[in-house]
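# Topology and contacts: notes
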Amino acid sequence: MMGNNEKCPCESGKIVQECCGKTSEPGTNQIQIELRSVLNSYYETSLAPAEVRALEVLLKEWAARLGDWMQEEELVTNVSDYYFFIVRKDLWRRHLVKALNRTQNKAVRNILKSWQNSFITFAEVVSADEQVYHMKEILGEGEYLLAKEPGEPSDVKAVLAIVLEELRNDERHVMPISAIAVNEHMSKELVSQVQKLAETADENNSFEFFKNHLVDIYEFICKLDAQTLTDVVEQNFTPLQREVVEIVDAKLESEELYPGAYEMLLSLMAYYFTDEQPKFRKPEVLAAAAFQLAVDLEMMPNTYTQTEVGKMFGVSVSSYRKHTDALKGKVDDLEQMMNEGNSGVAYYVGTDPRPTEQTNWQVHMLSLKNNFETLEEAQAFIQQAIQKPFEPENQQQEAQMLCYMAYNAETVEQRHDFALQAFGADPTNVDALLLQAEFTEALEEKEKLFKQAIFSGEKQFNNQAEDAWAFAPNRPYLRSLLSYGVWLYSNERYTESSELFMRLLTLDLHDHQGVRYLAIASLIYQDEIEQAERVHEACAEISQEDAAYHYLAWLIEMDKTQGESEHSAEFFKKAERLNPYVGALIHAGAEKAPFPKSASVKPGTPDEAHYIWFML
């Protein structure tokens, strides 16, 4: 959205803060306020049951394709944006018509009229300044301006985005609803794959092409992002560059590199080849430079003089040394990128429901409420229903609503009060029983309530659902298993807790609750090391970037060898690189915090360290 000092879209020639954007509050403008309100109110629109079912089907389809790479919140956001602005573009335009009828602000009206054109773009960055990217469509001729966000990386080469068109003073801008920035290391391969897909596609225009193939392109991006270094070499290196790698590999076979050294060496070579595109005739020159780098950075125990390295590869020191120095220059760049990677997207941890669950549950209840004959009839009903709060139709629904209010309460007193009301409305409600257990001090009574919650949830659980987690009414039962399991684990009853966590992994194959780490830790502490190893290996593909995964690998190694393994220090160092705060808690013997009720945990932070320390 536009800033205060830009020209006003009403075409008066004045700047925004002196024209249609003028407000009494410094730093804001009326245009931004109204436009944000239009967007926010659209997201709050309730859907007809038929639309809800269509959205659920779409979410399942995308989850099957992208679930291994995207966390649930990211996946739901991407699917929702796609559905609301592309699949159901008609709903968006209908919403804009209503918004146009409610405002007389000329600038806002001009923007809203252009917003009717929502589309998916895949565009390259032609140039950039401090404020905007100048974009050109890769599969078309369109050009436009895209605002730069603070903190964006400098190497953005392409953008895939769902956007709204903004025509401002004869300039074509786009406002992103959701976007993925692609750096130069991925852009060439991604562009090639998308172009190949377009060549074989049947669509006659770019809107239909991106509408039908957005999930394919997301999958391309996810796979490219997850490429192994070997894939990078095979797919992105030239034949001469691959020969360099083969020569280096042959020489390193007789060397004992320290853990992670080879990956770092190959990464540095990849960045050097891509960024600098060095000129050389003999691959042995670059191979010698890479080997010398490994020596200089002490990646292996053996050491060699420059003359020895030159003789080893049959080249002169002067021919390869400049490349070694250039490779060293990439070390800082690589370390910075690795650090940025370790400060990734926050993930949810806790026994409470996720923030989106209540809305999903309400939508499900509404879809069961009526049997509509037409989509128009369903839409009319929903439009009326959204004007007022969700009204429970029976004590069971009232109890569940009160439970969600308890979970969302700002104070412990409010949480307790809503919990008592929920239990009074329906003493068989799973969440009401869990909340009663939370506020019960007597251990026997607390455990009895946990078991009652599981028993009640089991009776209501729909085991026919394709994805147990995606079916909102199933979540209280899954939550009861997690909550009881965590309580058992906290009380060192590891055999019982592991049984519950393993059952959860069977019911929720995608492990949305992060139970795999609790299961592994439980198995370790009941001396079921072999089974812990099997579970640990089974989740390797989706867990390699998680600090918890590597700290548990260290714990398994320590238990297997009674602390005498020569590899345990290597495991610990690898884990510590992902989150150094855990080591500090271990060395200090810090008191363990309880398992969180609800937390958004960012990798590499002290908060994550306390979560991991709970399991160690």
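Residues numbered from 1 in each chain as written. Predicted model: local features only at pLDDT ≥ 70, side-chain atom pairs only at ≥ 80, totals over all residues. Heavy atoms only, no water.

Turning to the environment of Asn 462, a few remarks are in order. Locating Asn 462 in the fold gives a position in the loop between helix H19 (443-460) and helix H20 (475-490). Spatially, the C-alpha atom of Asn 462 lies 8.2 Å from that of Pro 473, the residues being 11 residues apart in sequence. Setting aside residues no more than four positions away along its own chain, Asn 462 makes contact with Phe 471 and Asn 474. (Helix = DSSP H or I, 4+ residues; strand = E, 2+ residues; numbered from the N terminus. Contact = heavy atoms within 4.5 Å.)

The next subject is the side chain of Glu 219. Mapped onto the elements, Glu 219 comes out in helix H7 (residues 206-225). According to the relative accessible area criterion, Glu 219 is buried, its value standing at 15%. (Buried < 20%, exposed > 50% of the residue type's maximum accessible area, 1.4 Å probe, protein only.)

Below, the discussion takes up the pattern of salt bridges. Per the stated rule, a full pass over the model turns up 18 salt bridges. The salt bridge partner of Arg 493 is Glu 496, with a shortest N-O separation of 2.8 Å. A relative accessible area of 33% means that Glu 496 is categorised as partly exposed. (Salt bridge = Lys/Arg side-chain N within 4 Å of Asp/Glu carboxyl O.)

With 14 residues, helix H4 (residues 89-102) should reach 20 Å at 1.5 Å per residue; the first-to-last C-alpha distance of 20 Å fits that figure. Taken as a whole, H4 has its buried residues at Lys 89, Leu 91, Trp 92, His 95, Leu 96, Ala 99 and Leu 100. (Expected span 1.5 Å × (residues − 1).)

A few words on the environment of Gln 306. Among the structural elements, Gln 306 can be located in helix H12 (residues 306-313). Overall, Gln 306 belongs to the partly exposed group, its relative accessible area being 35%. Residues Gln 306 and Arg 321 lie 15 residues apart in sequence; the distance between their C-alpha atoms is 8.5 Å. Residues in contact with Gln 306, not counting those within four places in the same chain, are Gln 292, Val 317, Tyr 320 and Arg 321.

A word on the confidence of the model for the protein. Put simply, the protein has an average pLDDT of 82, and 87% of its residues get 70 or more. Mean pLDDT values for the elements of the protein range from 58 in helix H15 (residues 375-385) up to 94 in helix H18 (residues 430-438). Counted against residues more than four places away or in other chains, residues 336-343, with its pLDDT under 50, gives 7 contacts. (pLDDT = per-residue confidence, 0-100.)

Here the focus is the nonpolar core. Formed by 80 residues in total, the largest nonpolar core has its most connected members in Ile 520, Tyr 551 and Met 615. Counting residues per element, this core draws most heavily on H20, which supplies 9 residues. In this structure, Val 16, Met 70, Ala 107 and Ile 138 belong to the second largest nonpolar core, which totals 57 residues. (Core = buried A, V, L, I, M, F, W, Y, C linked by side-chain atoms within 4.5 Å.)

Keep in mind that most residues, glycine aside, have a negative phi and that most peptide bonds are trans. Of note in this structure, Glu 11 is not a glycine but carries a positive phi near 70 degrees. As for its placement among the helices and strands, Glu 11 is situated in the segment before helix H1 (30-43). The phi angle at Asp 527 is positive, at roughly 65 degrees, despite the residue not being glycine. Tracing the chain through its elements places Asp 527 in the loop between helix H22 (515-525) and helix H23 (529-538). Assessed through its relative accessible area of 61%, Asp 527 is described here as exposed.

So, on to the sheet that holds strand E5 (residues 171-183). Taken in spatial order, the 5 strands of this closed barrel run E1-E2-E3-E5-E4, and their pairing is mixed. Across the sheet, the axes of successive neighbouring strands diverge by a mean angle of 50 degrees, strand direction being ignored. Strand direction decides the pairing type here: strand E2 (residues 132-137) and strand E3 (residues 143-147), joined by 5 bridges, are antiparallel. Pairing of Met 135 across the sheet is with Tyr 144, part of E3. (Pairing = 2+ DSSP bridges. Axes fitted to C-alpha atoms, helices over the stretch in contact; angles between N-to-C directions.)

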